[in-house]
Amino acid sequence: MGGNEQKYINEAFKTNWIAPLGPNVDAFEKEIANYIGANGAVAVSSGTAAIHLALSLLDVKKGDKVFCSSLTFVASANPILYQGAEPVFIDSEPDSWNMSPQALETALRDACYEGELPKAVIVVNLYGQSAKIDELITICNQYDVPMIEDAAESLGSTYKGKASGTFGKFGIYSFNGNKIISTSGGGMLVSNDTVALNKARFLATQARDPAPHYEHSEIGFNYRMSNILAGIGIAQLQILEQRVKARRLIFERYYHKLAHIPGIYFMTELGNTCSNRWLTTFTIDEKEAGISAKLLLDSMAEENIEARPVWKPLHMQPLFKEVRYYSHNEIQNVSEQLFKTGICLPSGSNMKVEEQMRVIDCVQNTLKLKV
Ligand SMILES: *Cc1c(COP(=O)(O)O)cnc(C)c1O
């Protein structure tokens with residue numbers, strides 16, 4: 001936590017606003033919208049809920065198709081299943097590790113040919129790095145398919161000077177405990193379409209029609225953020241820039257100490273983008289480094305260092321085994337390769353230099369032994 005959270009929580013208690021609405025919720029929405037430069041925002045109980053609302057607003061129904069990045073956390077795609085729709089997974093491209101414009105184009109061309117265009121394309125900005133937004137939007141516009149930007153991991157990042165999460169018809173953020181700022185659990189749906197956002201508020205509070213009694217003609221959800229947690233969010237937003245600085249510094253330190261090692265390739269930052277460096281990640285070329293990602297992870301685990309592989313692509317998950325997938329091109333399957341060779345290093349904003357040096361020493365020593 002940053003320090004001011006308790007003040008807003010106390011305010012909620014003092015005024016007895018212990019509800020999924022209240023002044024903290026309104027203020028948090030306004031401040032997020034201001035910060036990212038969007039017309040509006042709706043505070044909800046999780047990033048997953050925000051994606052689900054976005055799909056509902058785009059009228060995604062049973063039998064519809066929704067395209068989604070394959071290299072991501074399962075939460076990006078689960079709401080497609082909640083709606084009874086069918087995901088189609090799109091590979092990454094090697095520069096940003098995010099959705100391949102080439103693969104998207106092929107998938108949309110096929111879908112158009114088959115007369116089954118998707119209702120939406122969910123583009124994820126992995127580990128804080130923006131996808132190739134311009135290229136992706138151009139292709140989506142060509143087929144008139146709306147984009148949802150899953151910016152759960154990229155709050156505080158920018159693409160061409162504009163906030164990550166503001167490029168699609170809808171954007172979503174997460175305030176889960178592991179994200180760059182947290183309300184313990186929570187999320188935000190953002191858009192320039194304030195009419196759609198009002199509909200989202202309606203759907204997120206059980207879709208209650210205007211009437212003195214309880215009247216319902218649509219399926220609703222119980223997805224609003226509590227006024228207490230929104231208070232935490234307001235204070236967390238005040239320290240977001242500080243957090244981004246801290247995470248970028250952590251990246252710099254890792255990069256400085258490890259990037260020269262043969263076979264280690266850090267995730268690069270696309271030109272014209274600024275990543276929040278939510279997690280510092282690199283790939284390891286087994287031939288050049290003399291060790292596989294798996295063995296390096298084992299060696300860190302032995303020293304009680306919690307490093308992880310990168311996300312397992314969703315098209316490789318048992319949950320999605322029947323699902324269609326488009327690779328980057330005929331010879332490159334980028335997300336599978338990233339999964340095989342990628343490592344996420346401990347990158348918490350409050351990580352001490354000594355702690356980071358312990359990780360760096362472990363990586364250096366392991367690689368020295370093997371080369
Ligand atoms: C965390 C995360 C989500 C889901 O957010 P929750 O608030 O945990 O529901 C969605 N997509 C990505 C890429 C995430 O990392």
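Keep in mind it's a predicted model, so treat the numbers as computed, not measured. (Residues numbered from 1 in each chain as written. Predicted model: local features only at pLDDT ≥ 70, side-chain atom pairs only at ≥ 80, totals over all residues. Heavy atoms only, no water.)

Here's the deal with the state of the cysteines
Inspection of every chain in the model, using the stated rule, returns zero disulfides. Left unpaired, Cys-68 is separated from the closest cysteine sulfur, that of Cys-140, by 12 Å. Among the residues examined, Cys-68 registers a relative accessible area of 0% and is labelled buried. Considering cysteine sulfurs only, Cys-362 is the nearest to Cys-344, which forms no disulfide, with 16 Å between them. For Cys-344, a relative accessible area of 6% puts it in the buried group. (Disulfide = S-S within 2.5 Å. Buried < 20%, exposed > 50% of the residue type's maximum accessible area, 1.4 Å probe, protein only.)

Details of the UniProt feature "active site" (unreviewed entry) in the protein
In this numbering, the UniProt entry assigns the feature "active site" (unreviewed entry) to Lys-179. Relative to the helices and strands, Lys-179 resides in the loop between strand 8 (170–174) and strand 9 (187–191). Accessibility expressed as a relative area gives 9% for Lys-179, which makes it buried. Among all residues touching Lys-179, those that are not within four sequence positions of it are Ala-152, Glu-153, Ser-174, Arg-247 and Trp-278. (UniProt positions renumbered as here; feature names shortened; annotations may be inferred. Helix = DSSP H or I, 4+ residues; strand = E, 2+ residues; numbered from the N terminus. Contact = heavy atoms within 4.5 Å.)

Describing the domain arrangement of the protein
In terms of domain boundaries, the protein breaks down into domain 1 (5–239) and domain 2 (241–370). Taken residue by residue, the interface counts 50 residues in domain 1 and 41 residues in domain 2. Summing the contributions of domain 1 and of domain 2, the shared interface buries around 4,100 Å²; its carbon and sulfur component is 61%. Taken as a group, Trp-97, Tyr-127 and Ile-180 account for 21% of the area that domain 1 buries against domain 2, more than any other trio of residues on that side. Our count for the domain 1 to domain 2 interface comes out at one salt bridge. Here Glu-114 and Arg-324 are joined by a salt bridge, their closest N and O atoms 3.1 Å apart. One can count 30 residue pairs in polar contact (both at pLDDT 80 or more) joining domain 1 with domain 2. (Domains from an automatic or database assignment. Buried area = accessible area lost by both parts, 1.4 Å probe. Salt bridge = Lys/Arg side-chain N within 4 Å of Asp/Glu carboxyl O. Polar contact = N/O pair within 3.5 Å; in protein donor to acceptor, adjacent residues only side chain to side chain.)

Here we look at helix 11 (residues 293–302)
Regarding helix 11, the residues found buried are Ala-293, Leu-296, Leu-297, Ser-299 and Met-300. Seen from one end, helix 11 has its buried residues packed into an arc of 160°, which puts them on one side. Of the exposed residues in helix 11, the ones pointing more than 90 degrees away from its buried face are Lys-294 and Glu-302. Where helix 11 ends, the next residue or the one after it, Asn-304, has phi of about 65°, a positive value. (Arc of directions from axis to C-beta.)

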